[in-house]
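Structural features, examined
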Amino acid sequence: MKVLKFGGTSVANPEHINKVKSILGNQNKEQIAVVVSAFGGVTDLLLNASRLASEQDVSYKNSLKEVEDRHISAIRELIPVKSQSAALSKVKSELNILETLLEGAFLIGELTPKLSDKIVSYGELLSSFIISEFLKSEGLDVAFKDSRELIITDNNFGKANVDFNITNANCKGFFASNKHRTTILPGFVASSKSGDLTTLGRGGSDYTAAIIAAAVDAEILEIWTDVSGMYTANPKLVKQAKCVSNISYEEAMELSHFGAKVLYPPTIQPILGKEIPIAIKNTFDPDSPGTLITKNNNGNGKTVRGISHVGNISLLSLEGPGMIGIPGISKRFFETLSVKNISIVLITQASSEHSICVGIADEDVDMAAEAVNETFEYEISRKKIKPVIVEKDLTIVALVGDNMKSHQGLSGKMFSTLGKNNVNIRAIAQGASERNISAVIKKEDVKKALNALHETFFEENIKQLNLFVMGVGNVGSKFLQQIRQQKKYLKEELKLNVRVIGISNSRKMAFDESGISLKDWENIIDQGEPANKEVFFSRVNALNYRNSIFVDNTASAEVSESYSSYLKNSISVVTCNKIASSSNYEYYKELKHLAKEYNAPYLFETNVGAGLPIIDTLKHLIASGDKVRKIQAVLSGSLNFVFNTFDDSTTFHDVVKQAQEQGYTEPDPTIDLSGVDVMRKILILARESGHQLDIDDIENEAFLPKESLEADSNDVFFESLKKYEADFQKLYKDAANADSKLKYVAQFEDGKAKVGLQQIPKGHDFFNLEGSDNIVLFFTDRYVDQPLIIKGAGAGADVTASGIFADIVRIGNF
Ligand code: ADP
Ligand code: ASP
Ligand code: MG
């Protein structure tokens, strides 16, 4: 014999019930028992109606109406007209009783556990009746059997305890004499020895099926649900979760106890001694293999088999000097909780016995705290013990696996993964069986924690990076294009899965939690919501993804002011915007400090020399103990382009215009031509070399006339260039006459920096610098006479984008 159980989603509506029918039609056993849940959502509706009625809120009738409509319409759709009226009248009369029960709760304004069970039982009682009538009408050899006649419990309403002696005998007796091939039974419901209706606890239909399977020594128990098996983590929260094909009873039990709802925790108990295999199958994908739960099936030495979590947990801690070495404190503590019938999910006790800390359900914690304070009233009054401390709204995340005990370092890996992702751990417990390591964390960190742990333990190779990109102009759009183009390479070769979750330009912003399509980002952003920097930050923060990176491709001071907020929330920052690193020294230092404290890199390689690895090289020199003596550099791709292109056959105005059009200048070209941009760059290099410097400390001999420097718009600026053309021509001629070229040079030596236009003679390292190239010479303790030289294209959207890209990859390897 075989027992099958179909959960709420599997029987939620006529379309799904038809899928159940075809699964049943494919069975080849001579006898099958089929346990069904209430139609999906009906149990919640009934519990909601009961609560509202007991609070004398008439809106309970809305929930009741929904329950009625769903069942009546299911009959109309499933059962042929000729046999419909009998089924309809039976269901209507049951619904009338249900209505009377709810009216009763409404009138007396009260809901006893006994009445609640009676009301909620209608979910399974109606669904099983309708499904059996439907299957009969389809010509299957089907009978209906009320589980209340088989499963006998105590009177612990809401979650009754089964009397297995009576129940097993009932089940054996019934199925031994049953003549029908398929028997449909309601899950969840039972009756007590005194004849009252009881239920087996939320999710208890799994348990009904297991009780029957064990009683009749079934060959297999199949749990048909809405996912294709037991996964390495809840697939609704962890997209990368994978189905576990084989798992042991103990592992499955541990996972379900720690929140893997796919199996109701007590389900395995009756099965365990009989060693009946349990298969978890998907009603909506019946051919997928699912999960097989059996004895000794713990995955060929694999350590962590699954990650689960239990929400709505509170921590209750008792501590104080009066606890040390005094026997009986723990006993009194646990007894107090036990008397109040409060179950403890997790215990940690410091070996000094200075404190005991337990995890219990949020709903029990106020009562528990009151009771414990009462028990220790005397010690508290004498300040030997502190009043209990309660922390609410927590969640336990647990790693589960039979073979975890024989492996060192798993807990270290678990906690460092959580730490790296800025998930604060409130308490830790490891079961004595070492089949489970649990950490208590804040509720809002659950999704991040599960995904990060999943990545560490199941996707060891692939790391997910979640990007939030602000600024999608010249550089930003090139950057998105490069990511799109390299996505496959990054995944296959560097094991990095890079997704862009949010993008924003100055007008609009858009988010997609599953990753914005980089083929279509322009349309997506156009259809987005109005851009707002604060809202953008709060979204990124609320999403709370691990490995989040904020990418700033703007030149906005306001955006650069937001970096500290990102870093404080462990969101890395990659930027080509120089303002933050070249603004006041305190802010630069603060950002560096936050990056360390919150484990979130702050990278700005493109601030100097676009994609050239200048800052990275400098960092390596310093990390290896070298000291920078002098830096000489041509750091402005724009100015280099301008002075390489400018001669007596053109005008200065036209050359600058061309540079702007080709994306070699900042949006405001005076930033480049005034030398401010170069000042910022040499300032950053000086700071990165370990010197405290501010922009005002840098000497700058401007070559632009005052009028151009002070222009308040680009148009005015360009007009002024025309006016001073003769001066520019003179600069050129003087240099040419001296057989030199004009270069805008930055220098840092002896703690001092200066920038300015210089005539560079033939033979100098700078003389042959082409186009928009940059060059940096580092003179250090190790590179004394021959400097370390970095040279190459130092401006342009493509190389800048590739520099940002390199910073992203650096974070990926972090
Ligand atoms: P049913 O109504 O069929 O009993 P449940 O909703 O009780 O279904 O259980 C199935 C759900 O369990 C899945 O939809 C999934 O969201 C959740 N779940 C939690 N953890 C896991 C896990 N590790 N593997 C599979 N499903 C899980
Ligand atoms: N219908 C009950 C519930 O939702 C039992 C079950 O579906 O397993 O809790
Ligand atoms: Mg369930």
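These remarks concern the structure in this document. Note that the coordinates shown come from a computational prediction; the quantities given were computed from them, not determined experimentally. (Residues numbered from 1 in each chain as written. Chains lettered and ligands numbered in written order. Predicted model: local features only at pLDDT ≥ 70, side-chain atom pairs only at ≥ 80, totals over all residues. Heavy atoms only, no water.)

The next thing to look at is the overall build of the chain. Helices and strands together make up the secondary structure of the chain, namely 31 helices and 30 strands. For 814 residues, the compact-globule estimate of 2.2 N^0.38 gives 28 Å, and the chain exceeds it by more than 25% at 36 Å. Seen along its three principal axes, the alpha-carbon backbone of the chain occupies a region of about 115 × 75 × 55 Å. Expressed as a percentage of its 814 residues, the buried residues of the chain come to 55%. Summarising the internal contacts of the chain: among those between residues at least 6 apart in sequence, 71% fall at separations of at least 24. Total accessible area on the chain is roughly 35000 Å²; 48% of this is exposed by carbon and sulfur atoms. For the chain, the distance from the average site of its 90 positive side-chain charges to the average site of its 104 negative ones is 5 Å. (Helix = DSSP H or I, 4+ residues; strand = E, 2+ residues; numbered from the N terminus. Rg over C-alpha atoms; globule rule 2.2 N^0.38 Å. Buried < 20%, exposed > 50% of the residue type's maximum accessible area, 1.4 Å probe, protein only. Contact = heavy atoms within 4.5 Å. Areas by Shrake-Rupley, 256 points an atom, 1.4 Å probe, with all protein chains shown as cover. Lys, Arg positive; Asp, Glu negative; His and termini not counted. Charge placed at Lys NZ, Arg CZ, Asp CG, Glu CD.)

Turning our attention to the sheet that holds strand β7 (residues 197-199). Reading across the sheet, the three strands line up as β4-β6-β7 and stay open at both edges, with mixed pairing between neighbours. A single partner strand is all that each edge strand has here, and the edge strands are β4 (152-153) and β7. Across three bridges, strand β6 (residues 189-192) lies against β7 in antiparallel orientation. Within the sheet, the bridge partner assigned to Ser 191 lies in β7 and is Leu 197. (Pairing = 2+ DSSP bridges.)

Here the focus is the pairing of strand β25 (residues 628-634). The element β25 is largely enclosed, with a buried count of six among its seven residues. Here β25 runs beside strand β29 (residues 773-780); their pairing, made up of six bridges, is antiparallel. In the sheet register, Gln 632 faces β29, and the bridge partner there is Leu 777. For β25 and strand β27 (residues 740-749), the ladder comprises four bridges, and the chain directions are antiparallel. Residue pairing for β27: Gln 632 is matched across the bridge by Gln 747.

Turning to its location among the elements, Ile 79 is positioned in the loop between α3 (60-78) and α4 (81-108). Separated by 568 residues in the primary sequence, Ile 79 and Asp 647 have C-alpha atoms spaced 91 Å apart. Dropping the residues within four chain positions of it, Ile 79 is found in contact with Ala 74, Gln 84, Ala 87, Ile 130, Glu 133 and Phe 134.

Overall, the coordinates contain 23 aromatic pairs when judged by the stated rule. Judged by centre distance (3.9 Å) and plane angle (5 degrees), the rings of Phe 550 and Tyr 566 are stacked. Here Phe 550 is found in strand β22 (residues 548-552), whereas its partner Tyr 566 is found in helix α20 (residues 563-568), with 16 residues between them in sequence. The exposure class assigned to Phe 550 is buried, which follows from its relative accessible area of 0%. Taking the centre distance of 4.9 Å and the plane angle of 50 degrees together, the rings of Tyr 602 and Phe 604 count as tilted. On the basis of relative accessibility, which here comes to 3%, the residue Phe 604 falls in the buried class. A network of ring pairs unites the aromatic residues Phe 468, Phe 511, Phe 536, Phe 537, Phe 550, Tyr 563, Tyr 566, Tyr 602 and Phe 604 as a single cluster. Its guanidinium or amino end placed over the ring of Phe 129, Lys 90 lies 5.5 Å from that ring's centre, counting from NZ or CZ. (Phe/Tyr/Trp six-rings, centres within 6.5 Å; stacked < 30°, edge-to-face > 60°. Lys NZ or Arg CZ within 6 Å of the ring centre and 35° of its normal.)

The environment of ligand 2 is formed by Ser 37, Thr 43, Glu 124, Phe 188, Arg 202, Gly 203, Gly 204 and Ser 205. A distance of 3.0 Å is found between an oxygen atom of ligand 2 and a side-chain nitrogen or oxygen belonging to Ser 37. Contact between ligand 2 and Gly 204: an oxygen atom at 3.4 Å from a main-chain N or O atom of the residue. Relative to its free-state accessible area of 260 Å², ligand 2 is covered by the protein chains to the extent of 87%. (Near = heavy atom within 4 Å. Polar contact = N/O pair within 3.5 Å; in protein donor to acceptor, adjacent residues only side chain to side chain.)

Counted under the stated rule, the structure contains 40 salt bridges. Each member of the salt-bridge network shares a partner with another, and the members are Glu 605, Asp 616, Asp 807 and Arg 810. (Salt bridge = Lys/Arg side-chain N within 4 Å of Asp/Glu carboxyl O.)

The biggest cluster of nonpolar side chains holds 74 residues, and the ones touching the most others in it are Phe 652 and Phe 703. In terms of residues, this core owes the most to one element, helix α27 (residues 676-688), which gives seven residues. In this structure Phe 703 touches Leu 639, Phe 643, Phe 652, Leu 673, Phe 728, Leu 731, Tyr 744 and Leu 757, once residues within four positions along its chain are discounted. The next biggest cluster of nonpolar side chains, apart from the first, holds 66 residues, and it includes Ala 241, Val 244, Ala 260 and Val 423. (Core = buried A, V, L, I, M, F, W, Y, C linked by side-chain atoms within 4.5 Å.)

All right, on to the site of ligand 1 then. Taken together, 17 residues surround ligand 1, and among them Thr 225, Asp 226, Tyr 231, Lys 236 and Lys 261 come closest. Within the contact set of ligand 1, an oxygen atom lies 3.0 Å away from a side-chain nitrogen or oxygen of Lys 5. Contact with the protein chains hides 90% of the accessible area of ligand 1, taken as 570 Å² for the molecule alone. Among the residues forming the shell around ligand 1, the class breakdown is seven nonpolar, six polar and four charged. (Nonpolar A, V, L, I, M, F, W, Y, C, P; charged D, E, K, R; others polar.)

On to the environment of Gln 269, then. With respect to the helices and strands, the residue Gln 269 is situated in helix α10 (residues 268-272). Gln 269 sits in the partly exposed class, given a relative accessible area of 47%. Once the C-alpha coordinates of Gln 269 and Ser 127 are considered, the two residues, 142 residues apart in sequence, prove to be 26 Å apart.

A few words on the side chain of Ser 560. One can find Ser 560 in helix α19 (residues 557-561). Beyond its immediate stretch of four places on either side in the chain, Ser 560 contacts Asp 552, Asn 577, Ile 579, Ala 580 and Tyr 587.

Bringing helix α24 (residues 637-645) into the picture now. Taken across its nine residues, α24 has seven buried, putting it largely inside the fold. By the burial criterion, the buried members of α24 are Gly 637, Ser 638, Leu 639, Asn 640, Phe 641, Val 642 and Phe 643.

For helix α25 (residues 652-661), the complete set of buried residues consists of Phe 652, His 653, Val 655, Val 656 and Ala 659. For α25, the angular spread of the buried residues around the axis is 165 degrees, confining them to a single face. Elements in contact with the buried residues of α25: α24, α26 (670-673), α29 (714-723) and α30 (725-737). Positive phi appears at Gly 663, one or two residues downstream of α25, with a value of about 75 degrees. (Arc of directions from axis to C-beta.)

What follows deals with the environment of Val 365. Turning to its location among the elements, Val 365 is positioned in helix α12 (residues 362-375). Taking the relative accessible area as the measure of exposure, Val 365 reaches 0% and is therefore buried. Along the backbone, Val 365 and Ser 248 are 117 residues apart, and their C-alpha atoms lie at a distance of 33 Å. Every residue in contact with Val 365, bar those within four places of it in the chain, is listed here: Ser 314, Leu 316, Ile 360, Val 390 and Lys 392.

Moving on, we come to the sheet that holds strand β9 (residues 246-248). Strand order in this open sheet of eight strands is β3-β5-β2-β1-β8-β10-β11-β9, and the pairing throughout is mixed. The open sheet has two edge strands, β3 (142-144) and β9, and neither has a second partner. Within the sheet, the average angular offset between the axes of one strand and its neighbour, ignoring direction, is 20 degrees. Bridge analysis of β9 against strand β11 (residues 291-294) gives three bridges, and the strand direction is parallel. Looking across to β11, one finds that Ser 248 is bridged to Thr 294. (Axes fitted to C-alpha atoms, helices over the stretch in contact; angles between N-to-C directions.)

None of this, on its own, says anything about what the molecule does.
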